[in-house]
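Read off the chains here:
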Amino acid sequence: MAATESPLIIALDYPDLSQALALADALDPARCRVKIGKELFTRTGPAAIDAMHQRGFEVFLDLKFHDIPNTVAGAVEAAADRGVWMVNVHASGGRRMMEASAERLVKRGLKTHLIAVTVLTSMSDDELHETGVSGNALAQVERLARLTQQSGLDGVVCSARESASIRELCGGAFLKVTPGIRPPMADQGDQRRVMTPEAAMSAGSTHLVIGRAITRAADPMAALADIERSLSDRA
């Protein structure tokens, strides 16, 4: 499996493995990673991970574990045993859950990156208030990012709109993985807190999760190259 320094993670948000493989076969694992989420994993299981590894891709397993500490630690360990590059939990599961997961990886000597979801990028302030959280999304993201770092994790999933604040709070080395990335003129879809790739990286994001702009493109590699150029022009 070839490692890549690219910040781009392509979301394989498909209902079946054949569609995911078709896209993977159109991409270069030296120029991006891939994300396997709940639908694809639930339908295909670890076969999806294995298939991507066989094609040379590093995998972000995006299952957002949230349960009692021992259960989540076991799930994180199982993911790391599959050789995934990154796996995530929900920061709202609390300190003991996150610490147990991080400690399990350290105990086993597993190098998988462990990050935590702060506030889903689909959520507005009003929707957050309905769950009983006072304040706005940024305040909650900052609170959970600090808790995540204190719990020994490598970073968070957050909106690019919060990356600059998290960089100030937690430092540049703390991973900031940002969904809701839309190139100019792209459909916003069900995301609320969105940003272009170049703006997200300038704001402090370390990795960008990109879906429809690549997965629905007639030529996925050409679409990927366009995003790479926009990031190069920023530099």
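On a predicted model such as this, the values are computed, not experimentally measured, just so you know.

Caption draft 1: Examining the overall build of the chain more closely. Across its full length, the chain holds eleven helices and eight strands. A compact globule built from 235 residues would reach a C-alpha radius of gyration of about 18 Å, and the chain, at 17 Å, matches this within 12%. When its C-alpha atoms are laid out on the principal axes, the chain stretches across 45 × 35 × 30 Å. Buried positions account for 54% of the 235 residues belonging to the chain. Taking the intrachain contacts of the chain between residues at least 6 apart in sequence as the baseline, contacts between residues at least 24 apart amount to 69%. Taken together, the 26 basic and 29 acidic charged side chains of the chain have centroids lying 3 Å from each other.

Caption draft 2: Looking closely at the UniProt feature "active site" (unreviewed entry) in the chain. Look at the UniProt record and you will see "active site" (unreviewed entry) annotated at Asp62, Lys64 and Asp67. As for its position among the elements, Asp62 is in strand β3 (residues 59-65). In this structure Asp62 comes out as buried when scored by relative accessible area, which is 8%. Among the polar contacts listed, one links the side chain of Asp62 to the side chain of Lys35, at a separation of 3.0 Å. Within the element layout of this structure, Lys64 appears in strand β3. In this structure, Lys64 is in contact with Lys38, Asn88, Val89, His90, Val117 and Leu120, ignoring residues within four places of it in sequence. There is a polar contact of 2.9 Å between the side chain of Lys64 and the side chain of Asp62.

Caption draft 3: Expanded view of the pattern of salt bridges. Applying the stated criterion across every chain yields a total of twelve salt bridges. The partner of Asp25 in a salt bridge is Arg55, with the nearest N and O atoms 2.8 Å apart. Of this pair, Asp25 sits in the loop between α1 (17-24) and β2 (33-36) while Arg55 sits in the loop between α3 (46-54) and β3; the two residues are 30 residues apart in sequence, bridging distant segments of the chain. In this structure, Arg108 and Asp81 form a salt bridge, with 2.9 Å as the shortest nitrogen-oxygen distance. Of this pair, Arg108 sits in helix α5 (residues 95-108) while Asp81 sits in helix α4 (residues 69-81); the two residues are 27 residues apart in sequence, bridging distant segments of the chain. Classification of Arg108 as partly exposed rests on a relative accessible area of 40%. The exposure class assigned to Asp81 is partly exposed, which follows from its relative accessible area of 44%. When salt bridges that share partners are traced, they join Asp13, Lys35, Asp62 and Lys64 into one network.

Caption draft 4: Layout of helix α8 (residues 163-170). Every buried residue of α8 is accounted for by Ser163, Ser165, Ile166 and Cys170. Buried residues along α8 cover an arc of 155 degrees about the axis, so they all sit on one side. Packing partners of the buried residues in α8 comprise α7 (137-150), β6 (155-157), β7 (175-178) and α9 (197-203). In the stretch just after α8, Gly171 is the one whose phi turns positive, near 95 degrees.

Caption draft 5: Looking closely at the environment of Glu99. When you line up the elements, Glu99 lands in helix α5. The spacing of Glu99 and Gly135 is 36 residues in sequence and 26 Å in space, taken between C-alpha atoms. Those residues in contact with Glu99, other than ones at most four positions away along the chain, are Gln150 and Ser151.

Caption draft 6: α7, seen in detail. For α7, with 14 residues, the first-to-last C-alpha span of 20 Å sits near the 20 Å given by 1.5 Å per residue. Burial in α7 covers these residues: Ala137, Gln140, Val141, Glu142, Leu144, Ala145, Leu147 and Thr148. In this structure, the buried side of α7 is in contact with α5, β5 (113-117), α6 (125-130), β6 and α8. The backbone nitrogen of Leu138 lies 3.3 Å from a side-chain oxygen of the residue at the head of α7, namely Asn136. Once α7 finishes, Gly152 follows within two positions and takes phi at roughly 95 degrees, a positive value.

Criteria and thresholds
- Residues numbered from 1 in each chain as written.
- Predicted model: local features only at pLDDT ≥ 70, side-chain atom pairs only at ≥ 80, totals over all residues.
- Heavy atoms only, no water.
- Helix = DSSP H or I, 4+ residues; strand = E, 2+ residues; numbered from the N terminus.
- Rg over C-alpha atoms; globule rule 2.2 N^0.38 Å.
- Buried < 20%, exposed > 50% of the residue type's maximum accessible area, 1.4 Å probe, protein only.
- Contact = heavy atoms within 4.5 Å.
- Lys, Arg positive; Asp, Glu negative; His and termini not counted.
- Charge placed at Lys NZ, Arg CZ, Asp CG, Glu CD.
- UniProt positions renumbered as here; feature names shortened; annotations may be inferred.
- Polar contact = N/O pair within 3.5 Å; in protein donor to acceptor, adjacent residues only side chain to side chain.
- Salt bridge = Lys/Arg side-chain N within 4 Å of Asp/Glu carboxyl O.
- Arc of directions from axis to C-beta.
- Expected span 1.5 Å × (residues − 1).

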